[in-house]
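Fold and contact review
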2 protein chains.
Amino acid sequence: MEESLGPIEMIMTTRAMRRFTDEPVAPELIRRCLAAAQQAPSGGNVQPQQYLVLTEPAPKEAIGNLYRRAFDRYEASLPERTFRNDDQRQSWERTSRASRHLADHLAEAPAIVLFLQPLIPWGGRDADGSLDIGRLDASVYPAVQNFCLAARSLGLGTALTTVIRVLGTEALEAVGVSPAEYEIAALVPVGWPTGHFGVAPRKPPEKATHWDRWGNRDVPGASGQ
Amino acid sequence: MEESLGPIEMIMTTRAMRRFTDEPVAPELIRRCLAAAQQAPSGGNVQPQQYLVLTEPAPKEAIGNLYRRAFDRYEASLPERTFRNDDQRQSWERTSRASRHLADHLAEAPAIVLFLQPLIPWGGRDADGSLDIGRLDASVYPAVQNFCLAARSLGLGTALTTVIRVLGTEALEAVGVSPAEYEIAALVPVGWPTGHFGVAPRKPPEKATHWDRWGNRDVPGASGQ
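Residues numbered from 1 in each chain as written. Chains lettered and ligands numbered in written order. Predicted model: local features only at pLDDT ≥ 70, side-chain atom pairs only at ≥ 80, totals over all residues.

Here we come to the overall build of chain A. Per the secondary structure count, chain A includes six helices and five strands. In chain A, the order of α-helices and β-strands from amino to carboxyl end is α-α-β-α-α-β-α-β-α-β-β. Burial status across chain A gives 49% buried among its 225 residues. For chain A, the proportion of contacts with a sequence separation of at least 24, taken over those separated by at least 6, is 82%. (Helix = DSSP H or I, 4+ residues; strand = E, 2+ residues; numbered from the N terminus. Buried ≥ 20, exposed ≤ 12 C-beta atoms within 10 Å, placed from the backbone. Contact = placed C-beta atoms within 7 Å.)

Here is the structure:
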C-alpha cells in the first residue's frame, strides 16, 4: 500500500496485471474494492450489478477451464476481424503473451470477481420500441473500473476481461447463476502482481480529442489567451 | 484542488454533480482528465473511443436542446418500465430534481464532453456469428469513469449520462459526426460544482456480493480465522 499515492497518479498508473504471486488476498481487501465499485454511478442510481467472488479452488477451476476455452476461440478469431489498423494489431501483440498466461493460469489467481449484469426482459426500450433507456453497460463498467482502481490503490493487480462471455452461459451455470436473469459483464482476476504498476502504453489523448466540432484539433484559447 | 485527497477516498466521494457555477473550466484541466480517460483499459488495447469537447455556445446549445427533448422522453417512460422495485424508484426520485435541472440547463455547463464509440460493421461477432468479441462498451465506460474521477480529483464536477442516446443520431449530426461511424456512449457535463463532494447513497455492497457460489453471503474465513 502506497499511502502517498496521489489520486491522479493512481489513475494513470493503473494497468492490467495478468501475473500474480501465490500470496492470498484477504477477503477484507476485496470488500474494500467492492465498496468502491458500489459508489460508481448508475442510470437512475439503480445499482443493477451483482458481484460473485470466487476464492475456493473448485469454482475457480471450473471458471478457469471455461476461460481457457473461451480465450482459445477469441484468440483464433482475432487476426482477420478485430483490428482496424496496424497500430491496433501491434497493441494487441504487445499484451498477447500476458493474456495467454492469464488464460492458462486463471484458476491460480487468488480471487476471481464476476461482475453480473441483469438481463432486461423488455429489452431496454420503451413501449413503441424506439427509446433506448436500458444502457446497463453504462452502469456496470464504471463499477468495474472503480474496483480495479481501488485494488491498485491497495497494491493489488487486476485485469478487466470480457472473454468469458464467449462461453457465458456455461460459466454462469458453473457457479449457480441463471443465464435467464444475468449475463457476465466482466471477469476480473485479483492478486498481488509480479510486475510493477506504471503508465501503460496508449496513444496520446490529443489524437482522439476534438474541440467543438468533429475534426477540430485546436484547443480553445491556446493561441489567443 | 485537494492535494491530500487519498485515492480510495477520492473514488468513494466521486458523485454526480448536476449544478455548476458560471466559472469557466480551463481546457488544460479537461485535457488532464482526458489523459486519465485514455489510460483506461480496452479490449486488445485498441482504445476505440473518441472525445468531442464542447466549450463554445453554439454547439453546447444545439446539444442542450436535444438533451432536454431526450430527457423529456426518458422521464416520461420511466415510471411504468424501468424500476424493478420500490428501492430503485426511490433512488431515482432523490435525484430527479437535479437531473431535471441539468436537462434544462445543460448548455450553461462550462464544457460538455461526448464519449464516442465506433460502430462495428461486422457486429462484434466472428465468422459464424456466434462469438461475441465486440464488447466495446467495456472499453469505453471505464474511460468515462476515469475522466469523472480525475475531474473530481481536480475539484471539477461531472455526471455520467446516456439520455442523449434517445436522440443520438440528431446529436451526432449537430456536431458533425457521422452516425454511420459512431454512437454516443456517454455525455458528461463538466464544471465547478455548487454542491459538495461526498459519499453518494448506495445500498451496502454486501447486499450485492456473493462468495464462491450464487446466494452465499458468508465471507471466506470470517468465522474460522
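Anyway, onward from the coordinates.
Right, let's talk about the confidence of the model for chain A for a bit. Confidence along chain A averages 89 in pLDDT terms, with 87% of residues attaining 70 or more. Of the two predicted TM-score estimates for the complex, the pTM is 0.92 and the ipTM is 0.92. (pLDDT = per-residue confidence, 0-100.)

Right, let's talk about the sheet that holds strand β2 (residues 111-118) of chain A for a bit. Spatially, the five strands line up as an open sheet ordered β3(A)-β4(A)-β2(A)-β1(A)-β5(B), and their pairing is mixed. Whereas interior strands pair on both sides, the edge strands pair on one side only; in this sheet they are β3 (157-158) of chain A together with β5 (209-211) of chain B. Alignment of β3(A) against strand β4 (residues 182-191) of chain A, held across two bridges, turns out to be antiparallel. Bridging from a neighbouring strand, A:Gly157 pairs with A:Gly191 of β4(A). (Pairing = 2+ DSSP bridges.)

It is worth spelling out the nonpolar core at this point. The biggest cluster of nonpolar side chains holds 130 residues, and the ones touching the most others in it are A:Val144, A:Phe147, B:Val144 and B:Phe147. Not counting residues up to four positions away in its chain, the partners in contact with B:Val144 are A:Pro142, B:Ala37, B:Phe115, B:Leu160, B:Ala185, B:Ala186 and B:Val188. (Core = buried A, V, L, I, M, F, W, Y, C linked by C-beta atoms within 7 Å.)

What follows concerns the relation of the copies chain B and chain A. Rotating chain B by 180° and translating it 0.0 Å along the rotation axis places it on chain A, where the RMSD comes to 0.0 Å. Such values leave the two copies arranged in the relation of a two-fold axis. Distance from the rotation axis, computed per C-alpha, reaches its smallest value in chain B at B:Pro7: 2.2 Å. A share of 99% of the interface residues of chain B reappears at the interface of chain A, consistent with the copies meeting face to face through the same patch. (Least-squares fit on C-alpha atoms with pLDDT ≥ 70 in both.)

Now for the pairing of strand β4 (residues 182-191) of chain B. All names here are of chain B. The buried fraction of β4 is high, at nine of ten residues. The pairing of strand β2 (residues 111-118) with β4 spans eight bridges and is antiparallel. Bridged to Ala 111 within β4 is Val 190.

Moving on, we come to the interface of chain B and chain A. If you look at the interface, chain B gives 80 residues, while chain A gives 79 residues. Elements that contribute at least two residues to the side of chain B that touches chain A include exactly α1 (7-12), α2 (27-38), β1 (50-54), α3 (57-81), α4 (86-105), α5 (137-153) and β5 of chain B. No other element matches α5(B), which puts ten residues into the side of chain B that touches chain A. In the side of chain B that touches chain A, the residues fall into 44 nonpolar, 23 polar and 13 charged. Alignment of strand β1 (residues 50-54) of chain A against β5(B), held across three bridges, turns out to be parallel. Across the sheet, A:Leu52 pairs through a bridge with B:His210, a residue of β5(B). (Nonpolar A, V, L, I, M, F, W, Y, C, P; charged D, E, K, R; others polar.)

Turning our attention to the sheet that holds strand β3 (residues 157-158) of chain B. With mixed pairing, five strands are arranged side by side in an open sheet as β5(A)-β1(B)-β2(B)-β4(B)-β3(B). For this open sheet the edge positions go to β5 (209-211) of chain A together with β3 of chain B, each flanked by a neighbour on one side alone. Bridging between β1(B) and β2(B) involves five bridges; their strand directions are antiparallel. Residue pairing for β2(B): B:Leu52 is matched across the bridge by B:Leu114.

A few words on helix α2 (residues 27-38) of chain A. Taking 1.5 Å as the rise per residue, α2(A) with twelve residues should run 16 Å; its terminal C-alpha atoms sit 16 Å apart, in good agreement. Every buried residue of α2(A) is accounted for by A:Ile30, A:Arg32, A:Cys33, A:Leu34, A:Ala35, A:Ala36, A:Ala37 and A:Gln38. (Expected span 1.5 Å × (residues − 1).)

Residue and element names in this part refer to chain A. For helix α5 (residues 137-153), with 17 residues, the first-to-last C-alpha span of 24 Å sits near the 24 Å given by 1.5 Å per residue. For α5, the buried fraction is high: 16 of the 17 residues fall into the buried class. Just past α5, the residue Gly 155 takes up positive phi, approximately 90°.

In this section: the environment of A:Ala36. Within the secondary structure layout, A:Ala36 lies in helix α2. Residue class for A:Ala36 comes out buried when judged on the 26 C-beta atoms lying within 10 Å of it. Distance in space between the C-alpha atoms of A:Ala36 and A:Gln145 is 9.4 Å, their sequence separation being 109 residues. Apart from the residues lying within four places of it in its own chain, the contact partners of A:Ala36 are A:Asn146, A:Phe147, A:Ala150, B:Ile8, B:Ile11 and B:Met12.

What follows deals with the environment of A:Asp137. Along the chain, A:Asp137 falls in helix α5. A residue is classified by how many C-beta atoms lie within 10 Å of it, and A:Asp137, with 18 of them, is partly exposed. Beyond its immediate sequence surroundings of up to four residues, A:Asp137 is in contact with B:Asp137 and B:Tyr141.

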